[in-house]
Amino acid sequence: FDREQEHYDNDGSYFRAGIDVNFLTKDEEKNVFFIGGRYGRSVFSEKLDITTADPLWGLITRSSANNHIQGRWFELTTGIRVRMWKIIWMGYTARFKFGLKTNENGDLLPHDVPGYGRTDKETAWGFNYQIFVRFPVRRQPKAPIVAP
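Residues numbered from 1 in each chain as written. Predicted model: local features only at pLDDT ≥ 70, side-chain atom pairs only at ≥ 80, totals over all residues. Heavy atoms only, no water.

Thoughts on the confidence of the model for the protein chain
Here the protein chain averages 88 in pLDDT, and 96% of its residues register 70 or above. Per-element averaging of pLDDT across the protein chain places strand β6 (residues 117-118) at the bottom with 90 and strand β4 (residues 88-102) at the top with 95. (pLDDT = per-residue confidence, 0-100. Helix = DSSP H or I, 4+ residues; strand = E, 2+ residues; numbered from the N terminus.)

In structure tokens, the structure reads:
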């Protein structure tokens, strides 16, 4: 009988750059509701080890690896940021990821791209919650006093 054990390892980094359009520009509390777009890029390496226990040959380990893979994709984003208390804001961002391209250079097809996720689907969704602290750098000018 054969038994297999698999070990997958992925290591890399990514960045996203893009723009947001704020639809609450005149809000005194500096709350934000935005829609935006991003371009994402990732560089990573991955390795898959498969160990098989064979009664005739003993333990057999096969390895496949990709080194220095580059991935790129696009995102559509939306989110809000709301003032909760004095200098504290809370919010979320939802992202729709699509158009993933990779340049795999080994015998292993990429399984997980940092920043994008699994590669078995053409699109992906992401969601994050955030807590912001906004430190005032300059003081707001005081409103002039109007004499009656």
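There is more to say after this.
Overview of unusual backbone geometry
Look at His 68: it is not a glycine, yet its phi comes out positive at around 55 degrees. For His 68, the position within the fold is in strand β3 (residues 58-85). Despite not being glycine, Lys 86 has its phi angle at roughly 40 degrees, a positive value. Relative to the helices and strands, Lys 86 is located in the loop between β3 and β4.

Brief notes about the pattern of salt bridges
Tallied over the full model, the rule gives five salt bridges. In this structure, the salt-bridge partner of Glu 75 is Arg 16, at a minimum N-O distance of 3.7 Å. Residue Glu 75 is found in strand β3, and its partner Arg 16 is found in strand β1 (residues 3-22); the two are separated by 59 residues along the sequence. Linking Arg 95 and Glu 75 is a salt bridge whose minimum nitrogen-to-oxygen distance equals 3.0 Å. One end of the pair, Arg 95, is in strand β4; the other, Glu 75, is in strand β3, with 20 residues separating them in the sequence. Take Arg 95: its relative accessible area is 8%, and that puts it in the buried class. Bridged by salt links that share partners, the residues Arg 16, Glu 75 and Arg 95 form one connected network. (Salt bridge = Lys/Arg side-chain N within 4 Å of Asp/Glu carboxyl O. Buried < 20%, exposed > 50% of the residue type's maximum accessible area, 1.4 Å probe, protein only.)

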